[in-house]
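Residues per chain, in single letters:
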Amino acid sequence: MKYRSTRGGMQPQAFSDILLEGLAPDGGLALPESFPRVNSETLARWRTLSYAELATEVLSLFIDDIPRDDLNTLTHAAYREGVFDSAEIVPVKPLYDNVSLLGLSQGPTLAFKDMAMQFLGQVFEYVLTKRNGTLNILGATSGDTGSAAEYALRGKDHVAVFMLSPHGRMSEFQRAQMYSLQDANIHNLAVKGVFDECQDIVKMLAGDLQFKAAHRLGAVNSINWARIAAQVVYYFWGWLRVTSEAGQLVSFAVPSGNFGNILSGHIAREMGLPIHRLVLATNENNVLEEFFRTGVYHPRAAAQTHATSSPSMDISRASNFERFVFDLVDRDPVKVIALWRQLESNGEFDLSHLKNRFTDRYGFVSGCSNHADRLRTIRATYERTGVIIDPHTADGLKVAQAYAEPGIPMLVLETALPAKFAETIQEAIGVQPPVPVGLKDLSSLPQRVEVMDCDATQVRAYIQKHALR
Ligand SMILES: *Cc1c(COP(=O)(O)O)cnc(C)c1O
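Please read all numbers here as calculations on a predicted model, not as lab measurements.

**Thoughts on the overall build of the chain**
Tallying secondary structure elements over the chain gives 19 helices and 15 strands in all. Taken over the C-alpha trace, the chain has a radius of gyration of 21 Å; the compact-globule value for 469 residues is 23 Å, and the two agree within 12%. Overall, the C-alpha framework of the chain stretches about 60 × 55 × 50 Å when taken along its three principal axes. Looking at the 469 residues of the chain, the share that counts as buried comes to 59%. Once local pairs closer than 6 in sequence are excluded, the contacts in the chain between residues at least 24 apart make up 75%. Just so you have it, the chain exposes about 18400 Å², and 49% of that area is on carbon and sulfur atoms. Counting 45 positive and 52 negative side-chain charges, the chain places the centres of these two groups 2 Å from one another.

**Quick notes on helix H11 (residues 260-270)**
The element H11 is extensively covered by neighbouring structure, given that 11 of its 11 residues are classed as buried. For H11, the full list of buried residues reads Gly-260, Asn-261, Ile-262, Leu-263, Ser-264, Gly-265, His-266, Ile-267, Ala-268, Arg-269 and Glu-270. Here the buried face of H11 lies against helix H10 (225-242), strand S9 (250-255), strand S10 (275-282), helix H13 (321-328), strand S13 (364-368) and strand S14 (410-414). Phi turns positive, to about 110 degrees, at Gly-272, one or two residues after H11.

**Digging into the sheet that holds S14**
Read from one edge of the open sheet, six strands run S3-S4-S14-S9-S10-S13, paired in mixed fashion. What marks the edges here is a single partner per strand, and that holds for strand S3 (92-96) and S13. The average angle at which neighbouring strand axes cross in this sheet is 25 degrees, direction not considered. Where strand S4 (residues 99-103) and S14 come together, five bridges link them in parallel fashion. Bridging across to S14, Ser-100 finds its partner in Leu-411.

**Examining the packing of helix H6 (residues 144-153) against helix H7 (residues 172-179)**
Relative orientation of the contacting elements H6 and H7 amounts to 25 degrees, with a least axis distance of 9 Å. As far as their axial angle goes, H7 and H6 are roughly parallel. Handedness of the H6/H7 crossing: left-handed. Listed contacts from H7 to Asp-144, Ser-147, Glu-150 and Tyr-151 of H6 are Gln-174, Gln-177 and Met-178.

**Let's talk about the pattern of salt bridges**
Scanning the model with the defined rule gives 19 salt bridges in all. Where Arg-376 meets Asp-373, a salt bridge forms, and the shortest distance between an N and an O atom there is 3.1 Å. Pair noted here: Arg-376 and Asp-373 are both in helix H16 (residues 371-385), with a separation of three residues, about one helical turn. Beyond isolated ion pairs, a larger network of salt bridges with shared partners links Glu-284, Arg-374 and Asp-395.

**Some points on the packing of H16 against helix H18 (residues 422-429)**
Contact geometry for H16 and H18: axes closest at 9 Å, N-to-C directions at 70 degrees. One way to sum up the angle between H16 and H18 is to call them roughly perpendicular. In this structure, the crossing between H16 and H18 has a hand that is right-handed. Facing His-371, Leu-375, Ile-378, Arg-379 and Tyr-382 of H16, the residues of H18 in contact are Thr-424, Ile-425, Glu-427, Ala-428 and Ile-429. Residues that form the contact of H16 with H18 fall into these classes: six nonpolar, two polar and two charged.

**Looking at the site of the ligand**
Contacts to the ligand come from 15 residues, most closely from Lys-113, Asp-144, Gly-257, Asn-258 and Asn-261. Contacts to the ligand include Gly-260, whose backbone N or O atom sits 3.2 Å from an oxygen atom. Interatomic distance of 3.0 Å between a side-chain N/O atom of Thr-415 and a nitrogen atom of the ligand. Coverage of the ligand by the protein chains reaches 96% of its 380 Å² of free accessible surface. By residue class, the composition of the shell around the ligand is five nonpolar, eight polar and two charged.

**What to know about the side chain of Asn-224**
With respect to the helices and strands, the residue Asn-224 is situated in the loop between strand S8 (217-218) and H10. There is a polar contact of 3.1 Å between the side chain of Asn-224 and the backbone oxygen of Leu-19. A distance of 2.9 Å separates the side chain of Asn-224 from the backbone nitrogen of Ala-226, its partner in a polar contact. With residues near it in sequence (within four places) discarded, Asn-224 still touches Leu-19, Glu-21, Leu-120 and Phe-124.

**Structural notes on the packing of aromatic side chains**
Here the distance between the centres and the angle between the planes together describe a pair of aromatic rings. Scanning the model with the defined rule gives 27 aromatic pairs in all. Members of the aromatic cluster, each reached through a chain of ring pairs, are Phe-259, Phe-291, Phe-292, Tyr-297, Phe-321, Phe-324, Trp-340, Phe-349, Phe-358, Tyr-362 and Phe-364. Here Arg-241 stacks its cationic end above the ring of Trp-237, 4.2 Å away from the centre of that ring.

**Things to note about the nonpolar core**
Core analysis: the biggest nonpolar cluster contains 111 residues, and Tyr-79, Phe-236, Phe-259 and Phe-321 have the highest contact counts within it. Element by element, the count of residues in this core is highest for H10, at 13 residues. Ignoring sequence-local partners within four residues, the contact set of Phe-236 consists of Val-38, Leu-43, Trp-46, Leu-54, Val-58, Ala-268, Met-271 and Leu-273. Core analysis: the next-biggest nonpolar cluster, separate from the first, contains 21 residues, Leu-101, Ile-388, Ala-400 and Ile-429 among them.

**Points about the sheet that holds strand S5 (residues 135-140)**
The pairing of strands in a sheet comes from backbone hydrogen bonds and takes either a parallel or an antiparallel form. Taking strand neighbours across the sheet as the criterion, the five strands line up as S8-S5-S6-S7-S15 in an open arrangement whose pairing is parallel. The outermost strands of the open sheet, each flanked by one partner alone, are S8 and strand S15 (450-453). Bridge analysis of strand S6 (residues 159-166) against strand S7 (residues 186-192) gives six bridges, and the strand direction is parallel. Following the sheet pairing, Pro-166 is matched in S7 by Val-191.

**Focus: the pairing of S6**
Burial analysis of S6 places eight of its eight residues in the buried class, the great majority of the element. The two faces of S6 match: Val-159, Val-161, Met-163 and Ser-165 on one face and Ala-160, Phe-162, Leu-164 and Pro-166 on the other face are all buried. Examined bridge by bridge, S5 and S6 share six bridges and lie parallel to one another. Looking across to S6, one finds that Ile-137 is bridged to Val-161. Crossover handedness for the path S5 to H6 to S6: right-handed.

What counts, and where the lines are drawn
- Residues numbered from 1 in each chain as written.
- Predicted model: local features only at pLDDT ≥ 70, side-chain atom pairs only at ≥ 80, totals over all residues.
- Heavy atoms only, no water.
- Helix = DSSP H or I, 4+ residues; strand = E, 2+ residues; numbered from the N terminus.
- Rg over C-alpha atoms; globule rule 2.2 N^0.38 Å.
- Buried < 20%, exposed > 50% of the residue type's maximum accessible area, 1.4 Å probe, protein only.
- Contact = heavy atoms within 4.5 Å.
- Areas by Shrake-Rupley, 256 points an atom, 1.4 Å probe, with all protein chains shown as cover.
- Lys, Arg positive; Asp, Glu negative; His and termini not counted.
- Charge placed at Lys NZ, Arg CZ, Asp CG, Glu CD.
- Pairing = 2+ DSSP bridges.
- Axes fitted to C-alpha atoms, helices over the stretch in contact; angles between N-to-C directions.
- Parallel < 35°, antiparallel > 145°, perpendicular 65-115°, else oblique.
- Left-handed = near helix turned anticlockwise from the far one by under 90°.
- Salt bridge = Lys/Arg side-chain N within 4 Å of Asp/Glu carboxyl O.
- Nonpolar A, V, L, I, M, F, W, Y, C, P; charged D, E, K, R; others polar.
- Near = heavy atom within 4 Å.
- Polar contact = N/O pair within 3.5 Å; in protein donor to acceptor, adjacent residues only side chain to side chain.
- Phe/Tyr/Trp six-rings, centres within 6.5 Å; stacked < 30°, edge-to-face > 60°.
- Lys NZ or Arg CZ within 6 Å of the ring centre and 35° of its normal.
- Core = buried A, V, L, I, M, F, W, Y, C linked by side-chain atoms within 4.5 Å.
- Right-handed = clockwise from strand over helix to strand, strands pointing away.

This is the structure in structure tokens:
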């Protein structure tokens, strides 16, 4: 299994070689030369596997340069009770009729990012140990991604994390979660600025190629292929849990931002998993919903991006979208290059002539949700089932309801637990969401954070002093 770039300008490479890279050298994104196929006999064989065992099976289809036994060790270290607070790792939580939640948020940071990041932490350390290398992860976070990365990489020997966050602008829960980590390889840098300014500092330092090479800077952002591959596993898992026979159809509803999560669903479907609909749900930032409705992709500027009550989906430029467009245009890199050129010059591109393929060929449908919808969905779900869902999951459930069909199970991806978003839950139903055991004392733990000015030279100096050599 070799990987190529969506823009066609990269020599075919093995999994371990693209693992530590961000964008391909030609500015595109890495994808396997073709998607492996899984037939119904194989699916039947996988029914009895544990989550970690299933992860070994699915990931070994994408990773042929790590011996299977080693891969199996990595998946079992990533997906185990103790890291996840459920023996099943990903429980299915029935709501009503055919609608269930796929519980992707039982990991240490209570959001689905843990699913991919826990594997990434294991495989980074494995590959770096083999190569006797080190990596300094530099990133900026407004919450979920940064904490998931820190919990996945804490205590590792070959990786350090330098995570910039906007000083005083994260929730108390998020701050406590990140800043209470005492591991020597985790560095929280609270920058006196907003998230975009943190992001700009990261871009500036990572864009300084000399500095980047000298300190072996890396990233764990959502375009990382290993994250996408790891997420494919739970679509198989979900299908296996709610079906009993070959060929039975299941739909998935996915609260979407960067198009990473639902891209993994698309890949599972291309591999032959009997998925009926991939229901893409956005919040008020509906660039993707608009694309699937009209065929026009028109990303917005940061200034036009709304701050919503499902903040992890407040994204206007979907960094993984190019991987899906590559398939849409028959995997022709020349077409992808032309589209992204148009995007640069016109601010949009138009694929409305391919609109009939979105649903007929690829199963995609879409919808969006706003603050009032979220409150209503959280309230209605609580009244009907007693289950409290988080605002992102509510976006997914709201749109899922429009596409529910008799006889076809609908799995709504639970992308976070409500405890992370207590304010919105309080507003919706007037009660505080339950805080998982073990996290109750989080806010009383000592915090370890370096506060600094919004100034790239200060961040640079800190990295120079603390980076792994
Ligand atoms: C990151 C995130 C999303 C969006 O996922 P994408 O892969 O960016 O589409 C949705 N919900 C929550 C809670 C998230 O953290």
